[in-house]
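Okay, here's what each chain looks like letter by letter:
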Amino acid sequence: MKVYIKQLGIYSIIALFFVLAACGPQEDSGEKAGGEQEGSKNSEYDLLVWEDVEKSEGIEDAIQKFEEENDVTIKVVEETYAQQIEKLRLDGPAGTGPDVLTMPNDQIGTAVIEGLIEELNVEEDITSIYTDVAMDSQIVEGKIYGLPKSVETTVLFYNKDIVSEDELPETLDDWYDLSKELTDGENFGLLALFDQIYYANSVLSGYGGYIFGEDENGDYDPSDIGLNNTGAIEGAELMQEFYTEKLFPSGIIGEQGIQVLDSLFSEGKAAAVISGPWNVEPFSDAGINYGVTKLPELSNGENMSSFNNVKSYNVSSYSENKELAERLVEFLANEENSKVRYEKTKEVPAVASLADDPAITENEAAEAVAEQSMYSEIMPGIPEMNSVWDPADAALETLATGKSSPEEALEQAVETIKGQIEANHGNDK
Amino acid sequence: MQHRTIASVLSIIPGLGQFYNRQWAKGLVFLGFGLSFFVVFYDLLNMGFWGIFTLGTEVPRDNSVFLLAQGIIAILVTCLGLFVYFLNFRDAYRNGVLRDRKMNLSSLKEQYRNLVEQGYPYVVSGPSLIILVFAVIFPILFSVALAFTNYDLYHSPPANLVDWVGFDTFAKIFTVDIWRSTFFDVLGWTVVWTLVATTLQVGIGILMAVIVNQPRLRFKKFFRTILVLPWAVPGFVTILIFAGLFNDSFGAINNDILAFFGLDPIPWMTNEAWSKIALILMQGWLGFPYIFLVTTGVLQSIPDDLYEAATIDGASIFAKFKHITMPMILLAIAPIIITQYTFNFNNFNIIYLFNGGGPSVPGSTAGGTDILVSWIYKLTLEESQYSLAAALTILLSVFVIAIALWQFRRTNSFKEE
């Protein structure tokens, strides 16, 4: 009897599975396709914009104008710009994601591979208003994925009470000499975080080193790493001098180094530091009479390079109103609105013609950023870049502490980077 | 035909068997459950079962990861449903048997009383059991399932589909050179770390407890308080402070302590071997107070007679320690020691906060001091190697569970229960 019941049970389970398995895909496709045609489910707004934290006042007017012109409603929410992609991964499929978002350019490669952001069909006359470097950062394999919102790059802050504007050293070698003069254990000359690739690349790349080479299409070639070529080694040797001659305080090495650097300058103990525009306010608040200028030249006549951080407006691929979203991106990033945004948020816009605009040339920091941008390069946006940071920083740190020679350290870093890239990105492409 | 057969056969549609047995209320409940199961879960089951087999067929319509999650929920829901379905059969069959024996079936009132009196534990714990299934079992199943897919940066929704790849990911860990060498390096260090760091903290703890517990020692409370202090400070604060102390260039250990003895600075953070030593020392500091406290408790409960008898027999201090103190301590705190070992095996905080598993090592995808958990964390958050991380998690769990089981079974304190 029991056997009979068991059999019954098994048969009914099998029957159940058949019923369930049979109806999956077809109905599903019909259902979803229907869902998309309904258009925006949300009656509150037509577009949702994720703007950077404390930056939404910069686009307030533009949004209002766009709403009136197109008779739509737009909601603006502030989210940390570096985390927006991460949030989009979950919010997008859930239907609560934004239509327009903003992000740093080094995340674009990953976002494109994952398919999180949408290709834009913008015309040549729109893209041509931006600086080449900024626009390039938005292009992946020949396709445009966003429009630049602002650029940020490292510049030189100098203390006018220690070095006057007229006798400002022009080359890194001059700075080196000046540092030797000024350094007495308490006070220092030029300070920089040369143990981090983000800053060290300024020197390495000036002498011909590079992180990733480019192929003929202008795309990065992750198999070509130039961090240990002769140029890079030359640059590394120069940077190591600063450490071996004790021109930098010992505490400046390592993760905490940035705090040491900021506080030494804020206390007036450093003649100059290489830092970013994010320090404009803190240094002013500290009461330092400082000037801002582009980075110095190197001994070979090249200007020190720097990484360009481009923030951009992009369209989410989960957006249900992509055309409208794209038009909003174009509108927000146009010359007029870029200028308004700059005036309110002080973020230097990427529009080329604005570099000569009085609004920017009158502001020393903005002008320095705009000028340095000409010598800067984009931080590679491909996912392989993730494998570069740790090994490169570790190598530079051993250089800074004098534990190994430049050749050795850089050779080892490149070997490590290559291994990690092969493991993480090798056979899947 | 016997009643039990008819009742069982009718139960194919839930409730009919009960109706046949004239238990109308119960039948209605089962029928209601059956109907509402399909009405409520139709979409979920439909999408879920299709999704878990195919993991999606079209981009960007299908999001493989969500389909996988839905599929697992569908399986869990189906299991619950089948369980109720089974109860339905069993009930119909049992009552059928009662009828065949010409016995009276329980009335509605009696059924209710049965449920409340005998089934009380089940009724009360039922809801929490269901929550447990979704809060604990679901995530475990999900990560186990991920290990058998190719989910990584290049196979992630919405641009790409995730596929089932069977044991390929596991094969990759053991066949691709860089992964294999990294895995065994990390595993090796994890084992060494677990054994050495835990043994050190247990050793210091017991030693300190025995010393502080010496009858001749004065100011016992004072020493006890001091020795428990490391435990009173939150672990992550201690780790961060130690990270500062050990700092190669401005840390006090290099600049003040070693310099005082005229020793060269040691690269605590940037040299693999020294990093490991620093970590083990720190864990000794962090971990001993707990063992110290527990051991102190045990020591106070060892009867003095034992020691007196030993003294009369002429036992030396070491003999007393070896034959009385140690066995008593180990007997009492063995389970605690084992949990200390498993805790350190997965001690993510100290590794991550000290120097992020650094320094980086050539020919390896993990840092020099990464243990399995911190490596898995890096793979997931920095490299988007989700399936690989899931596969490693499974290997890690197997390892921990095996050791814990083996240890627990060998421990005397559990045998005596």
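What counts, and where the lines are drawn
Residues numbered from 1 in each chain as written. Chains lettered and ligands numbered in written order. Predicted model: local features only at pLDDT ≥ 70, side-chain atom pairs only at ≥ 80, totals over all residues. Helix = DSSP H or I, 4+ residues; strand = E, 2+ residues; numbered from the N terminus. Buried ≥ 20, exposed ≤ 12 C-beta atoms within 10 Å, placed from the backbone. Contact = placed C-beta atoms within 7 Å. Axes fitted to C-alpha atoms, helices over the stretch in contact; angles between N-to-C directions. Parallel < 35°, antiparallel > 145°, perpendicular 65-115°, else oblique. Left-handed = near helix turned anticlockwise from the far one by under 90°. Nonpolar A, V, L, I, M, F, W, Y, C, P; charged D, E, K, R; others polar. Pairing = 2+ DSSP bridges. Domains from an automatic or database assignment. Core = buried A, V, L, I, M, F, W, Y, C linked by C-beta atoms within 7 Å. Expected span 1.5 Å × (residues − 1). pLDDT = per-residue confidence, 0-100.

Draft legend 1. Up close: the overall build of chain A. The helix and strand inventory of chain A stands at 18 helices and 14 strands. Counting across all 429 residues of chain A, residues that qualify as buried make up 49%. The contacts in chain A between residues at least 6 apart in sequence include a share of 74% that link residues at least 24 apart.

Draft legend 2. How the structure looks around the environment of I113 of chain A. Topologically, I113 of chain A is positioned in helix α5 (residues 108-114). Through-space distance from the C-alpha of I113 of chain A to that of L328 of chain A is 24 Å; in sequence the pair is 215 residues apart. Setting aside residues no more than four positions away along its own chain, I113 of chain A makes contact with P383 of chain A together with L153, Y154 and A159 of chain B.

Draft legend 3. The arrangement of the packing of helix α16 (residues 372-381) of chain B against helix α17 (residues 386-410) of chain B in detail. Residues and elements named next belong to chain B. Interhelical geometry of α16 versus α17 gives an angle of 165° and a closest axis separation of 8 Å. By the angle between their axes, α16 is roughly antiparallel relative to α17. Crossing of α16 over α17 shows left-handed handedness. On α17, the residues that touch L372, I376, L379 and T380 of α16 are Y386, L388, A389, L392, T393 and L396. Among the residues making up the contact of α16 with α17, the classes are represented as 8 nonpolar, 2 polar and no charged.

Draft legend 4. Focus on the sheet that holds strand β11 (residues 270-275) of chain A. Residues and elements named next belong to chain A. Pairing within the open sheet is mixed, and its 4 strands lie in the order β8-β11-β7-β12. Looking at strand neighbours, the two that pair on one side only are β8 (188-191) and β12 (290-293), the edges of this open sheet. Direction aside, neighbouring strands of the sheet carry axes that sit 15° apart on average. Relative to β11, β8 runs parallel, the two being bridged by 3 bridges. Bridge pairing links L191 to V273 in β11. Across the sheet, helix α8 (residues 172-182) lies against β8 and β11, angled at about 145° from β8, the strand it touches most.

Draft legend 5. Up close: the interface of chain A and chain B. At the junction of the two partners, chain A supplies 44 residues and chain B supplies 45 residues. For the side of chain A that touches chain B, the secondary structure elements donating two or more residues are α1 (2-22), α2 (24-37), α5, α17 (389-400) and α18 (406-425) of chain A. Looking at the side of chain A that touches chain B, its residues break down into 15 nonpolar, 18 polar and 11 charged.

Draft legend 6. Fine view of the domain arrangement of chain B. The domains assigned to chain B are domain 1 (3-166) and domain 2 (172-415). Looking at the side of domain 1 of chain B that touches domain 2 of chain B, its residues break down into 5 nonpolar, 4 polar and 1 charged.

Draft legend 7. Representation of the domain arrangement of chain A in the model. All names here are of chain A. Looking at chain A, the domain boundaries give domain 1 (47-151 + 309-378) and domain 2 (153-307 + 381-425). Of note, the centres of domain 1 and domain 2, computed from C-alpha atoms alone, are 28 Å apart. Opposite the 20 residues of domain 1 that make contact, domain 2 presents 19 residues. Those elements that provide at least two residues to the side of domain 1 that touches domain 2 are α5 and α16 (364-373). The biggest single contributor to the side of domain 1 that touches domain 2 is α16, with 7 residues.

Draft legend 8. Up close: the nonpolar core. One finds F157, L191 and F194 of chain A to be the most contacted residues of the largest nonpolar core, which totals 85 residues. When we break this core down by domain, the ones giving at least three residues each are domain 1 (47-151 + 309-378) and domain 2 (153-307 + 381-425) of chain A. Those residues in contact with F194 of chain A, other than ones at most four positions away along the chain, are Y199, A200, V203, M239, F242, L396 and A400 of chain A. Counting residues in hydrophobic clusters, the runner-up holds 53 residues, among them V186, A197, I239 and L279 of chain B.

Draft legend 9. Layout of α17 of chain B. Residues and elements named next belong to chain B. Helix length check: α17, at 25 residues, gives a terminal C-alpha distance of 36 Å against a target of 36 Å (1.5 Å per residue), a fit within 8%. By the burial criterion, the buried members of α17 are Y386, S387, L388, A389, A390, A391, L392 and T393. Where α17 is buried, its residues contact α6 (120-147), α7 (168-175) and α16.

Draft legend 10. Geometry of the confidence of the model for chain B. The share of residues in chain B with pLDDT of 70 or more is 98%, and the mean pLDDT across the chain is 88. Confidence estimates for the predicted assembly give a pTM of 0.81 and an ipTM of 0.75.

Draft legend 11. Quick look at the environment of W193 of chain B. Residues and elements named next belong to chain B. Examined against the element boundaries, W193 turns out to sit in helix α8 (residues 177-212). Take W193: there are 22 C-beta atoms within 10 Å of it, and that puts it in the buried class. Taking the C-alpha atoms as reference points, W193 and L16, separated by 177 residues in sequence, lie 62 Å from one another. For W193, the residues in contact, after removing those within four places along its chain, are N344 and I371.

Draft legend 12. Quick peek at the environment of K180 of chain A. Along the chain, K180 of chain A falls in helix α8. Separated by 127 residues in sequence, K180 of chain A and V53 of chain A have C-alpha atoms that sit 42 Å apart.

Draft legend 13. Examining the pairing of strand β6 (residues 146-153) of chain A more closely. All names here are of chain A. Among the 8 residues of β6, 8 are classified as buried, and the element is accordingly described as predominantly covered. Inspection of the sheet shows β6 paired to strand β13 (residues 307-315) by 7 bridges, in the antiparallel sense. Within the sheet, the bridge partner assigned to T153 lies in β13 and is N308.

Draft legend 14. Local environment of the confidence of the model for chain A. Residue and element names in this part refer to chain A. Per-residue pLDDT for chain A has a mean of 85; in total, 89% of the residues score no lower than 70. Put simply, α2 is where chain A has its lowest mean pLDDT, 41, and strand β7 (residues 155-159) is where it has its highest, 94. Confidence drops under a pLDDT of 50 for residues 26-40, and excluding neighbours within four residues, the segment shows 9 contacts in the predicted structure.

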